[in-house]
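A structural walkthrough
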Amino acid sequence: MTKSIKILGTGCARCQSLTGLVKDVVSENHIDATIEKVEDIEEIMKFNVMATPALVIDNEIKTKGRIPSKEEILALLN
């Protein structure tokens, strides 16, 4: 089943860093996933997130306000 991954953030360096890490983890581990970058503040607010970047997997907020390690991202995806 394809994982739905969303990275919530306005495009700051930390948000871009998280996007890169998620893409690396998905690619390196051959995970079937769609990755969407959500930069629209109104869309971000729908998730009730006050601190970015935030990582949303299958519409569930997994992390917010920090950049998790590759190992943590992989664990969250499994």
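Quick note: structure is the one above.
As a starting point, this report considers the structure included with it. (Residues numbered from 1 in each chain as written. Predicted model: local features only at pLDDT ≥ 70, side-chain atom pairs only at ≥ 80, totals over all residues. Heavy atoms only, no water.)

If you look at the biggest cluster of nonpolar residues, it comprises twelve residues: Ile5, Ile7, Leu18, Leu21, Val22, Val25, Val26, Ile31, Leu55, Ile57, Ile73 and Leu77. Listing elements by their share of this core, those giving two or more residues are strand S1 (3-8), helix H1 (13-28), strand S3 (54-57) and helix H3 (70-77). Here the element with the most residues in this core is H1; it accounts for five residues. Residues in contact with Leu21, not counting those within four places in the same chain, are Ile67, Pro68, Lys70 and Ile73. Listed in part, the seven residues of the second largest apolar core include Val38, Phe47, Ala54 and Val56. (Core = buried A, V, L, I, M, F, W, Y, C linked by side-chain atoms within 4.5 Å. Buried < 20%, exposed > 50% of the residue type's maximum accessible area, 1.4 Å probe, protein only. Helix = DSSP H or I, 4+ residues; strand = E, 2+ residues; numbered from the N terminus. Contact = heavy atoms within 4.5 Å.)

To continue, consider a nonpolar patch on the surface. On the surface, a cluster of nonpolar side chains totalling about 340 Å² of accessible area is made up of Ile41, Met45 and Met50. Relative to the elements of secondary structure, Met45 occurs in helix H2 (residues 41-46). (Patch = residues over 30% accessible without salt bridge, like charges linked within 9 Å, V, L, I, M, F, W, Y side chains within 5 Å. Areas by Shrake-Rupley, 256 points an atom, 1.4 Å probe, with all protein chains shown as cover. Salt bridge = Lys/Arg side-chain N within 4 Å of Asp/Glu carboxyl O.)

With that out of the way, let us pick up the side chain of Thr63. Structurally, the position occupied by Thr63 is in strand S4 (residues 60-64). Take Thr63: its relative accessible area is 3%, and that puts it in the buried class. Once you skip the residues sitting within four places of it in the chain, Thr63 turns out to touch Pro53, Ala54, Leu55, Pro68, Glu72 and Leu76.

The final tally for this structure, using the stated rule, is seven salt bridges. One salt bridge connects Lys3 with Asp58, and the closest N-O pair in it is separated by 3.7 Å. Remark: Asp58 occurs in the loop between S3 and S4 and Lys3 occurs in strand S1; sequence separation between them is 55 residues. Note on Asp58: relative accessible area 34%, which makes it partly exposed. Across the pair Glu72 and Arg66 runs a salt bridge, and its minimum N-O distance is 2.6 Å. Overall, Glu72 belongs to the partly exposed group, its relative accessible area being 27%. Connected via shared salt-bridge partners are Asp24, Glu28 and Lys70.

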